[in-house]
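Now for the letters of each chain:
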Amino acid sequence: MQSLPIFVRLRNRTVILLGEGEAADAKRRILERAGADIVGEDGAAALAIVALEDDAAAEAAVERLKARGILVNAVDRPSLCDFTLPAIVDRDPVIVAIGTGGASAGMAKALRQRFEQLLPARLGAIARRLRDKRGDIKAKWPDGAARRHAIDAAFDEGGALDPLVPHGPRDVDHWLDGDDGDAAGRHDQLEIVQLRSADPHDLTIGEMLLLGRADRLYLAPGVPQAISNRARADAQRITAAELPDDPGPGLSVFVTVTPVE
């Protein structure tokens, strides 16, 4: 990745905005939606957006701001940017941010429009209900691995809380009140993913789901990092030349580049 996507809380924090016109107005609106206090160049801030039309003036402003240790976004000048502002799908508190590193704002816009159609309007309400029920969820599944697997099953395609299907907050309550059965378990499960290439885009949807849910990855020699990067960041990664005899509790995935006999 050329950039690390992060979400920054800006409410009641100052952000410098320089410029006038359509581009500056667009940035002002998004900053106001995030609750930022917008100030001029002399203000004290950690972030700044430069939306000046004149190239020389914009470059000079960026240089001055960076000299103060401020992270800068220069509109339509990706080579000058410390950070970029993504296209946003807002289902507060669920936020989907789409960035292209400044390569194509048009592509980011097109993807945002597609996701707007895909994501139900009440997705944020579901997220808020899950936040309110966090204590109940922990009480029902006190074991962390079991809790994670139960949540994964609920969010599966066709699951009780499938995020691409319209739901209401009461569906969270029904899920909690229901019999979790074996859906929360998946303990002591070992799956095998045999790679067809070093390109993670060649993974099937099922293989991607396994990597995303794995508690640990057993990585055979030759498995590229680009593949292991598709797993959860907190999943344990273990180098292994062959299938483990005792993979451990939860979901383990053995990733190999050669057939397993």
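Reading the values: rules and limits
Residues numbered from 1 in each chain as written. Predicted model: local features only at pLDDT ≥ 70, side-chain atom pairs only at ≥ 80, totals over all residues. Heavy atoms only, no water. Pairing = 2+ DSSP bridges. Helix = DSSP H or I, 4+ residues; strand = E, 2+ residues; numbered from the N terminus. Right-handed = clockwise from strand over helix to strand, strands pointing away. Patch = residues over 30% accessible without salt bridge, like charges linked within 9 Å, V, L, I, M, F, W, Y side chains within 5 Å. Areas by Shrake-Rupley, 256 points an atom, 1.4 Å probe, with all protein chains shown as cover. Salt bridge = Lys/Arg side-chain N within 4 Å of Asp/Glu carboxyl O. Buried < 20%, exposed > 50% of the residue type's maximum accessible area, 1.4 Å probe, protein only. Expected span 1.5 Å × (residues − 1). Arc of directions from axis to C-beta. Contact = heavy atoms within 4.5 Å.

A. A look at the pairing of strand 4 (residues 71-74). Two strands pair when backbone bridges link them, and strand 3 (residues 47-50) and strand 4 are joined in this way by four bridges, in the parallel orientation. The partner of Ile 49 across the bridge, within strand 4, is Asn 73. Note that the unit made of strand 3, helix 2 (residues 55-67) and strand 4 has a crossover that is right-handed.

B. Here's a closer look at unusual backbone geometry. The omega torsion of the bond from Asp 92 to Pro 93 falls at 5 degrees, within 30 degrees of zero and hence cis. In this fold, Pro 93 is placed in the loop between strand 5 (87-91) and strand 6 (94-98). Phi angles above zero are rare outside glycine, and Asn 12 is one such case at about 65 degrees. Notably, Asp 76 is not glycine yet its phi reads approximately 65 degrees, a positive angle.

C. Molecular detail of a nonpolar patch on the surface. A contiguous nonpolar surface patch, about 450 Å² in accessible area, is contributed by Met 107, Leu 111, Phe 115, Leu 118 and Leu 164. By the secondary structure assignment, Leu 118 is in helix 3 (residues 105-118). Take Leu 118: its relative accessible area is 46%, and that puts it in the partly exposed class.

D. Structural view of helix 2. Compared with an ideal rise of 1.5 Å per residue, which puts 13 residues at 18 Å, helix 2 spans 18 Å between its outermost C-alpha atoms and is within 8% of the ideal. For helix 2, every residue scored as buried is listed here: Ala 58, Ala 61, Val 62 and Leu 65. The arc that holds every buried residue of helix 2, seen down its axis, measures 100 degrees, which confines them to one face. Residues of helix 2 that are exposed and point more than 90 degrees away from the buried face comprise Ala 56, Glu 63 and Ala 67. Buried residues along helix 2 sit in contact with strand 1 (14-18), strand 3 and strand 4.

Fair warning: the whole summary comes from geometry, so function is off the table for now.
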